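# Close look at the chain arrangement
Listed below are the residues making up each chain.
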2 protein chains.
Amino acid sequence: MVRSVFEKSDAIGLVAEVFRELGYEGASMSEITARTKLSKGSLYHFFPGGKEEMAAEIMANIDAWFVTEMFRPLEEDEPRAAIARMWETTDSYFRSGRRICLIGAFALDETRDRFSGTIRGYFHRWIEALAGALIKAGLRGSEAKALAEEAVVGIQGALTLARALGDDTIFGRTLTRLKRGLESALE
Amino acid sequence: MVRSVFEKSDAIGLVAEVFRELGYEGASMSEITARTKLSKGSLYHFFPGGKEEMAAEIMANIDAWFVTEMFRPLEEDEPRAAIARMWETTDSYFRSGRRICLIGAFALDETRDRFSGTIRGYFHRWIEALAGALIKAGLRGSEAKALAEEAVVGIQGALTLARALGDDTIFGRTLTRLKRGLESALE
DNA sequence: GATCTTATAAACCGATCGGTCTATTAAATA
DNA sequence: TATTTAATAGACCGATCGGTTTATAAGATC
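The following paragraphs examine the structure supplied in this document.

What counts, and at which threshold
- Residues numbered from 1 in each chain as written.
- Chains lettered and ligands numbered in written order.
- Predicted model: local features only at pLDDT ≥ 70, side-chain atom pairs only at ≥ 80, totals over all residues.
- Heavy atoms only, no water.
- Helix = DSSP H or I, 4+ residues; strand = E, 2+ residues; numbered from the N terminus.
- Buried < 20%, exposed > 50% of the residue type's maximum accessible area, 1.4 Å probe, protein only.
- Lys, Arg positive; Asp, Glu negative; His and termini not counted.
- Salt bridge = Lys/Arg side-chain N within 4 Å of Asp/Glu carboxyl O.
- Polar contact = N/O pair within 3.5 Å; in protein donor to acceptor, adjacent residues only side chain to side chain.
- Contact = heavy atoms within 4.5 Å.
- Buried area = accessible area lost by both parts, 1.4 Å probe.
- Expected span 1.5 Å × (residues − 1).
- Arc of directions from axis to C-beta.
- Axes fitted to C-alpha atoms, helices over the stretch in contact; angles between N-to-C directions.
- Parallel < 35°, antiparallel > 145°, perpendicular 65-115°, else oblique.
- Nonpolar A, V, L, I, M, F, W, Y, C, P; charged D, E, K, R; others polar.
- 1 Å grid on protein atoms, 1.4 Å probe; cavity = no way out; pocket = protein on both sides within 12 Å on 5 of 7 lines; lining within 4 Å.
- Points joined across faces, edges and corners; volume = space filled by probe spheres on them.

### Topic: the overall build of chain A
Of the regular secondary structure elements, chain A holds nine helices and zero strands. The helix and strand sequence of chain A, counted from the amino end, reads α-α-α-α-α-α-α-α-α. Its C-alpha atoms give chain A principal-axis dimensions of about 60 × 35 × 30 Å. Looking at chain A as a whole, 51% of its 187 residues are labelled buried.

So, in structure tokens, the structure goes:
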């Protein structure tokens, strides 16, 4: 069989999973072909720019997903409902802490230099969108900004510790704590 | 010149910096030799086991440093003073957020599988040591554990966001917030 | 049905990978 | 002073790296 009706969007998802497991440098082309079952021919057909283009498209994909599912709702919808949905979206996207944040992982080593704009933009927009929703819900700007930052910091930290400790419960516990923190500030 | 009076402890520090910048997979032997100015001869003399041994010794070194400077003081010294010192030690070790946590970074990709014991031990002891100090300072066990976990989660998250946003202020701001959280619980 | 495009497979490429080995020399020991 | 050990430099090795190319065949278009 020479043609398996893979679409580029399928490829993005499959390759993303490999980057998530191995990191940018750890994900060699041979590991990517082995784990995705996509040949080099297919991969370079979809991503002529190689690994760098794969990573860039994956990040753009993730970013677009968050914009649609989380940032724009926070910016445009009724703030309390959007915030409530944010916690659910976060828990399900990160599979209760069993899935890491690829954009956060890329930020830690020199991979960051290749994608600094996307990385900065993702976290900046998350914090700004949440802070904006908190302001619409009645908080002062300074308090909203601090709480939004605290939430995103907590999510990232909990993802790191969930992996580091092999603990399936810390992520959910952290989300619950952060959610209560916001709710008590909004009372 | 053929002998430069390098000691193994010097080598550990130099190589650690390369792993911190490039990650485990990104730190190739040629990059390590280029950045440390240590030849392959020297590196394999100090670390016959190659990259894996380098990383293992670096992590053991970091762990030992934290045990001496932070965990044991939390476990043995007067708790409030030890906690106060913990914040200072954390800020100076991570250079106000400009330096990442290598052990946290290793936790995120498959590098974790090589060193899972050390990684888990490091974070577990940090949380346990801090929780123990909080209990000695008068908190209930459950509250102490939750606050200790919150502190270590926040530190890791702030390190990620400091790098991701290129923001030199978020780490200090987070430490201050976490510190106040503990203090108000101890009042 | 002929042609063209899209997708796949895999042989192949030079460069770099992690690691070994030999040579050399400074310091320690006898 | 002779000998051994610790440390360094770098040539060298097979394997793997990211990437290119050629071949082939399944849809799509005409």
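Picking up where we left off.
### Concerning the side chain of R163 of chain B
Of note, R163 of chain B is situated in helix 9 (residues 141–165). Buried and unpaired, R163 of chain B has D113 of chain A as its nearest opposite-charge partner, separated by 5.3 Å. Only 3.4 Å separates the side chain of R163 of chain B from the backbone oxygen of L108 of chain A, close enough to count as a polar contact. Other than its neighbours up to four places away in sequence, R163 of chain B contacts A107, L108, D109 and R112 of chain A together with I100 of chain B.

### As for the interface of chain A and chain B
One frequent convention defines the size of an interface as the accessible area lost when the parts assemble. Listed as interface residues are 38 residues of chain A and, on the opposing side, 38 residues of chain B. With both chains or domains summed, chain A and chain B bury close to 3300 Å², and 60% of this area falls on carbon and sulfur atoms. The largest per-residue losses of area from chain A upon contact with chain B belong to L108, V153 and R163 of chain A, which jointly make up 21% of the total buried on that side. Where chain A meets chain B, there are six salt bridges. In this structure, R35 of chain A and E110 of chain B form a salt bridge, with 3.1 Å as the shortest nitrogen-oxygen distance. Remark: the boundary between chain A and chain B carries 16 residue pairs in polar contact (both at pLDDT 80 or more). With 13 residues, helix 8 (residues 141–165) of chain A is the single largest residue contributor to the side of chain A that touches chain B.

### Considering the environment of E57 of chain B
Residue and element names in this part refer to chain B. Tracing the backbone through its elements, the reader meets E57 in helix 4 (residues 50–76). Residues E57 and A82 lie 25 residues apart in sequence; the distance between their C-alpha atoms is 27 Å. Once residues lying within four places of it in the same chain are set aside, the contact partners of E57 are K8, I12 and F47. Within the local environment of E57, its side chain forms a polar contact with the side chain of K8, the two groups lying 2.7 Å apart.

### Here's the deal with helix 5 (residues 79–93) of chain A
All names here are of chain A. Its 15 residues place the ends of helix 5 20 Å apart at the C-alpha level, agreeing with the 21 Å of an ideal helix rising 1.5 Å per residue. Restricting attention to buried positions, one finds in helix 5 the residues P79, A82, I83, M86, W87, T89, T90 and Y93. If you follow the buried residues of helix 5, they end up packed against helix 1 (8–26), helix 4 (50–76), helix 7 (111–136), helix 8 and helix 9 (170–186). Following helix 5 by one or two positions, R95 adopts a phi angle in the positive range, close to 50°.

### Re helix 2 (residues 29–36) of chain A
An α-helical segment advances 3.6 residues per turn. Residues three or four places apart therefore align on the same side. Residue and element names in this part refer to chain A. Restricting attention to buried positions, one finds in helix 2 the residues M29, I32, T33 and T36. What you see down the axis of helix 2 is that its buried residues fit within an arc of 95°, all on one side. In the segment just after helix 2, K37 is the residue with positive phi, at about 65°.

### What about the side chain of R20 of chain B?
Considering the arrangement of structural elements, one finds R20 of chain B in helix 1 (residues 8–26). In this structure R20 of chain B comes out as buried when scored by relative accessible area, which is 6%. Here the side chain of R20 of chain B touches Y93 of chain B through a polar contact of 3.2 Å, side chain to side chain. Excluding residues that lie within four positions of it along the chain, R20 of chain B makes contacts with L108 of chain A together with I62, Y93, R99, I100 and L102 of chain B.

### A few points about the environment of L102 of chain A
All names here are of chain A. By secondary structure assignment, the location of L102 is in helix 6 (residues 102–108). Classification of L102 by relative accessible area gives buried; the value is 2%. With residues near it in sequence (within four places) discarded, L102 still touches A16, F19, R20, I58 and I62.

### What about the packing of helix 4 of chain A against helix 7 of chain A?
Residue and element names in this part refer to chain A. Contact pair helix 4 / helix 7: the axes reach a minimum separation of 10 Å and the direction vectors enclose 5°. Our classification of the angle between helix 4 and helix 7 gives roughly parallel. Grouping the constituent residues of the contact of helix 4 with helix 7 by class yields 16 nonpolar, one polar and seven charged.

### Structural notes on empty space enclosed by the protein
Taking a probe equal in size to a water molecule and rolling it over the atoms shows the remaining empty space. A full pass over the atoms with the stated rule returns four cavities of 30 Å³ or more. For the largest cavity, the calculated volume is near 220 Å³. Contributing to the lining of the largest cavity are 27 residues, with G23, A105 and D109 of chain A together with A105 and D109 of chain B lying nearest its centre. Residues that form the lining of the largest cavity fall into these classes: 15 nonpolar, six polar and six charged.

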